[in-house]
Amino acid sequence: MSAPSAETPRTARGRIPTLVLLTCAAIGVAGGVVLWAVTGLSTLLFAVVPFASVALAGMWLLPATIALRLLQRPGVGLLVGLISGIVVLPYIGTNLWWAFFAELPFLLVLYRYWGTWLHFAGALIIGVVYPLFAAEYFNLWTMPLPAMIGFFALTIASCLAGTAIGIVIADALRRAGVARLARRQPR
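It should be emphasised that the depicted structure is a prediction, and the values quoted were computed from it without experimental measurement.

Draft legend 1. Quick peek at the pattern of salt bridges. If you walk through the whole model with that rule in mind, you get two salt bridges. Among the ionic pairs, Asp171 bridges to Arg69, the shortest N-O distance being 2.9 Å. On the criterion of sequence distance, the pair formed by Asp171 in helix α6 (residues 145–175) and Arg69 in helix α2 (residues 62–71) is long-range, its members being 102 residues apart. Assessed through its relative accessible area of 12%, Arg69 is described here as buried. In this structure, Arg174 engages Asp171 in a salt bridge whose closest nitrogen and oxygen atoms are separated by 3.4 Å. Separated by three residues within a single helix, Arg174 and Asp171 lie in helix α6, roughly one turn from each other. A single salt-bridge network, built from bridges that share partners, covers Arg69, Asp171 and Arg174.

Cut-off values and rules
Residues numbered from 1 in each chain as written. Predicted model: local features only at pLDDT ≥ 70, side-chain atom pairs only at ≥ 80, totals over all residues. Heavy atoms only, no water. Salt bridge = Lys/Arg side-chain N within 4 Å of Asp/Glu carboxyl O. Helix = DSSP H or I, 4+ residues; strand = E, 2+ residues; numbered from the N terminus. Buried < 20%, exposed > 50% of the residue type's maximum accessible area, 1.4 Å probe, protein only.

In structure tokens form, the structure reads like this:
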């Protein structure tokens, strides 16, 4: 059996191409820097108006959404979540958690369909799940019903907005040729 030629795509052997890894690293580092700023702003908001800090929750979806939209490959959302989590070190678990929900709809269709609505489905799911997990932290169950509904609505709107921003950025990167480089297959 002969050794694979230089023309053989690395993905044929189950490996991720270097350009995909580098693209994920760039998105992850940039996303981590953005999340540092968002975390600082959210912390300030929480100190003044805790309820308002969830308006920024959707930004945690941004790095994974960009990667999934741009590269359309299984696992890139989680990989970018891990990389951006390393950049904002105390939040590795948080980044992976948010990235999981960005990736979940694509996993459910076994990565065979990459429609825009799947990005928004993931945002909607996390927009509902996050308040349930953060309810104790925000004393959600002690709020009057209209405030609870507002909390859920604000979180969902934030997640949908963060996803929309990620889609716009990924589409701009695709138009600039980034996806073409990362998806290039040798002939």
